[in-house]
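# Structural overview
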Amino acid sequence: MSKQLSHVVGFDDAPFARSHRGDVLVAGAVFAGARLDGVLSTRVRRDGANATGRLAACITASKFHAQLHAVLLQGIAFAGFNVVDLERLHRDTGLPVLVVARRKPSLAAIRRALLDHVPGGKRKWRLIEAAGPMEPLAGVFVQRQGIGETQARRLIENLQINGLMPEPLRVAHMIAGGVTTGKSRHRA
């Protein structure tokens, strides 16, 4: 593992019922190299606009902030369409931010859903556009803020311990599911 980017946190949201309209758990897995070093959590509003602020506060208020080198997100939106402002999260935490997805999302479908069905959809669509296109990198798709392609590729490859999804995201996914439903299921 590169000494420059050996400590990272990965976040994923918990499953929730389609009818749920409140806050949704977001779990963070803090890794030092390949070792789970800690767990963080926060809550964000379903289809709301507070994910960026809540994630930034969760990171900066934690005892892990000083040692962290990067933030990984399982997708750009949590709790439905609570879209993260990557540039603001990078600025507020002082850390590079990587959005990671197993498959390239259908931007046309996301745009339609946001503009036709989600409150504040235009603003949320602008945040997705500002994040730039997802690019293939190390077998997954990523958006990057505050980190170059070569360094991002090295970081992801070093964290692909049990598959293509970086280990902090895989573990955050299992924690969020296990805490919310009593068991983890599906792969990250």
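Residues numbered from 1 in each chain as written. Predicted model: local features only at pLDDT ≥ 70, side-chain atom pairs only at ≥ 80, totals over all residues. Heavy atoms only, no water.

Next up on the list: the pattern of salt bridges. Going through the model one piece at a time under the given rule, you end up with 9 salt bridges. The partner of Arg91 in a salt bridge is Asp92, with the nearest N and O atoms 3.7 Å apart. Judged by relative accessible area, Arg91 falls into the partly exposed class, the value being 49%. Note that Glu149 and Arg153 form a salt bridge whose closest N and O atoms lie 3.4 Å from each other. Here Glu149 and its partner Arg153 are both found in helix 5 (residues 149–159), 4 residues apart, which amounts to about one turn of the helix. Looking at Glu149, the relative accessible area reads 38%, which means it is partly exposed. (Salt bridge = Lys/Arg side-chain N within 4 Å of Asp/Glu carboxyl O. Buried < 20%, exposed > 50% of the residue type's maximum accessible area, 1.4 Å probe, protein only. Helix = DSSP H or I, 4+ residues; strand = E, 2+ residues; numbered from the N terminus.)

Side chains three or four residues apart in an α-helix point the same way, a direct result of the helix having 3.6 residues per turn. Those residues of helix 1 (residues 51–60) not exposed but buried are Ala51, Thr52, Leu55, Ala56, Cys58 and Ile59. Within helix 1, the buried residues cover an arc of 160° as seen down the axis, which keeps them to one side. (Arc of directions from axis to C-beta.)

So, about the pairing of strand 3 (residues 35–45). Look at any regular strand and the pattern is simple: side chains alternate between the two faces of the sheet. As defined by bridge partners, strand 2 (residues 23–32) adjoins strand 3 across 10 bridges and the pair is classed as antiparallel. In the sheet register, Gly28 faces strand 3, and the bridge partner there is Leu40. In this antiparallel pair of consecutive strands, strand 2 and strand 3, the connection spans 2 residues, and Gly33 shows a positive phi of 65°. (Pairing = 2+ DSSP bridges.)

Moving on to the sheet that holds strand 1 (residues 7–13). Spatially, the 7 strands line up as an open sheet ordered 3-2-1-4-7-9-8, and their pairing is mixed. Pairing within the sheet leaves two strands with one partner each, and these edge strands are strand 3 and strand 8 (135–137). Strand-to-strand twist across the sheet, computed as the mean angle between neighbouring axes with direction ignored, equals 30°. Together, strand 1, strand 2, strand 3 and strand 4 (70–74) form the strand contacts of helix 1, whose direction differs from that of strand 3 by roughly 145°. (Axes fitted to C-alpha atoms, helices over the stretch in contact; angles between N-to-C directions. Contact = heavy atoms within 4.5 Å.)

Relative to the assigned elements, Phe31 resides in strand 2. By relative accessible area, which is 2% here, Phe31 ends up buried. As a C-alpha pair, Phe31 and Ser6 span 25 residues in sequence and 7.8 Å in three-dimensional space. Filtering out sequence-adjacent residues up to four positions away, Phe31 remains in contact with Ser6, His7, Val8, Leu36, Asp37, Glu167, Pro168 and Val171.

Bringing the nonpolar core into the picture now. As a rule of thumb, soluble globular proteins bury nonpolar side chains together. Ranked by internal contacts, the top residues of the largest apolar core, which has 35 residues, are Phe11, Val71 and Leu73. Here the element with the most residues in this core is helix 1; it accounts for 5 residues. Counting 21 residues, the second-largest nonpolar core is a separate cluster that includes Ala29, Ala138, Leu169 and Val171. (Core = buried A, V, L, I, M, F, W, Y, C linked by side-chain atoms within 4.5 Å.)

Time to look at unusual backbone geometry. A positive phi angle is found at Ala79, which is not glycine, with a value near 50°. One non-glycine residue with positive phi stands out, namely Ala138, at about 55°. Here Ala138 shows up in the loop between strand 8 and strand 9 (140–145).

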